[in-house]
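Remarks on the overall topology
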Amino acid sequence: MCYNSGMKNYSSRKGFTLAEVLITIGIIGIVAAITIPTIIANYKQKTLDNQFKKSYALINQALLNAQSQFGYIPKCYYPSGTISTVMTEDCTELSNIFLASLKITKICKDKAYENGCIPEYKGFDDIIKDVHKDDADYDEDYWQDYATRNCGGFNTSKILNEKTVYVLSDGTILFFHSNAFGYNIIVAIDINGKNGPNKWGYDLFGFDLRYNGRVLRYEGNDGCALPEQGGYSAKEMINRLFR
């Protein structure tokens with residue numbers, strides 16, 4: 001009797017139906033579709049955050065090395081809190097020593113995009129159009145004149161065709177705002193080189209040389225290094241990651 005009862009209980013057990021299996025798979029698929037893009041986006045942002053920290057430390061270490069060779073604070077900076085006054089007396093020598101402190105493997109003088117040193121970046125003049133394109137009072141002539149007068153060194157054509165671009169051993173890309181070597185107070189850094197997304201505020205950032213009365217450091221540029229839609233300025237990245 002016990003044997004027969006056990007067989008009866010065993011035979012009465014049910015497995016999953018096809019409908020139940022399909023519903024379960026569907027639920028898993030929905031959860032995956034919701035969570036996986038977020039996980040991937042978080043991973044990519046974490047990777048870029050780490051690359052930003054590395055690049056920011058790299059340029060400031062090179063700057064520190066250059067300063068130590070002077071024995072005093074080189075006169076090549078914006079005083080803290082202003083861009084109306086600029087010190088340029090020592091810029092040529094500081095730029096030379098700064099660049100010599102970096103592991104540069106390739107230099108492109110002019111036509112950096114055509115020669116394969118950089119990807120196809122947008123410049124300030126094109127980004128400003130995207131930023132203001134939906135503004136009812138957008139004055140294109142005003143903003144394009146502003147881009148030329150104030151941020152011409154980071155306009156699209158200048159970057160692609162007229163910059164001296166430095167490629168470091170790890171692929172990092174570096175170029176200065178000024179065309180005239182010797183007044184390189186604003187620098188742009190692509191923290192992961194030609195790898196995407198190659199957009200301002202994502203992996204391409206601008207930094208100013210600043211002096212706060214104690215030390216000379218690269219700080220985030222919030223003027224001509226305008227982040228593209230959804231991106232962070234270098235100043236925002238520094239505040240988010242270091243403070």
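Just above sits the structure.
This text gives an overview of the structure that appears in the document. (Residues numbered from 1 in each chain as written. Predicted model: local features only at pLDDT ≥ 70, side-chain atom pairs only at ≥ 80, totals over all residues. Heavy atoms only, no water.)

Further remarks concern the side chain of D125. With respect to the helices and strands, the residue D125 is situated in helix 4 (residues 124-132). In this structure, D125 is buried with no salt-bridge partner, the nearest side chain bearing the opposite charge being K129 at 6.3 Å. In this view, D125 contacts Q144, A147, N155 and T156; residues no more than four positions away in its chain are not counted. (Helix = DSSP H or I, 4+ residues; strand = E, 2+ residues; numbered from the N terminus. Buried < 20%, exposed > 50% of the residue type's maximum accessible area, 1.4 Å probe, protein only. Lys, Arg positive; Asp, Glu negative; His and termini not counted. Salt bridge = Lys/Arg side-chain N within 4 Å of Asp/Glu carboxyl O. Contact = heavy atoms within 4.5 Å.)

Looking now at the packing of helix 2 (residues 18-70) against helix 3 (residues 91-100). Orientation of helix 2 relative to helix 3, taken along the N-to-C sense of each, is 125 degrees, at an axis distance of 8 Å. Between helix 2 and helix 3, the angle is such that the two are oblique. Between helix 2 and helix 3 lies a crossing whose hand is right-handed. Two secondary-structure elements touch here, helix 2 through I59, A62, L63, A66, Q69 and F70 and helix 3 through E93, L94, I97 and F98. Here the contact of helix 2 with helix 3 is built from residues that sort into eight nonpolar, one polar and one charged. (Axes fitted to C-alpha atoms, helices over the stretch in contact; angles between N-to-C directions. Parallel < 35°, antiparallel > 145°, perpendicular 65-115°, else oblique. Left-handed = near helix turned anticlockwise from the far one by under 90°. Nonpolar A, V, L, I, M, F, W, Y, C, P; charged D, E, K, R; others polar.)

Grouped burial of nonpolar side chains is what soluble globular proteins tend to show. Counting 58 residues, the largest nonpolar core has F98, F175, F207 and Y218 as its most contacted members. Top element by residues in this core is helix 2. It accounts for eight residues. Beyond its immediate chain neighbours, meaning those up to four positions away, F175 contacts Y121, F154, I159, K163, T164, V165, V187, A188, W200 and L204. (Core = buried A, V, L, I, M, F, W, Y, C linked by side-chain atoms within 4.5 Å.)

A cis geometry characterises the amide bond from G196 onward to P197, with omega recorded as 5 degrees. Looking at the secondary structure, you find P197 in the loop between strand 5 (186-190) and strand 6 (204-211). In this structure, D110 is a non-glycine residue whose phi angle is positive, near 70 degrees. Mapped onto the fold, D110 is located in the loop between strand 2 (104-109) and helix 4.

What follows concerns a nonpolar patch on the surface. A cluster of nonpolar side chains, namely F16, L18, V21, L22 and I25, defines an oily patch on the protein surface of about 570 Å² accessible area. Structurally, the position occupied by I25 is in helix 2. (Patch = residues over 30% accessible without salt bridge, like charges linked within 9 Å, V, L, I, M, F, W, Y side chains within 5 Å. Areas by Shrake-Rupley, 256 points an atom, 1.4 Å probe, with all protein chains shown as cover.)

This model, assessed by the stated rule, comprises three disulfides. Two residues, C76 and C91, share a disulfide whose sulfurs are 2.1 Å apart. Judged by the sign of its S-S torsion, about 100 degrees, the bond between C76 and C91 is right-handed. Linking C76 in the loop between helix 2 and strand 1 (78-79) with C91 in helix 3, this pair joins segments that are 15 residues apart in sequence. By relative accessible area, which is 0% here, C76 ends up buried. A relative accessible area of 0% places C91 in the buried class. Here C151 connects covalently by a disulfide to C224, the sulfurs 2.1 Å from one another. Here the S-S torsion is close to -75 degrees, and the disulfide linking C151 with C224 is therefore left-handed. With C151 in helix 5 (residues 140-151) and C224 in the loop between strand 7 (216-220) and helix 7 (234-242), the pair connects residues that are 73 residues apart, well separated along the chain. Taking the relative accessible area as the measure of exposure, C224 reaches 9% and is therefore buried. The connectivity of the disulfide-linked cysteines in the protein chain, indexed sequentially, is 1-2, 3-4, 5-6. (Disulfide = S-S within 2.5 Å.)

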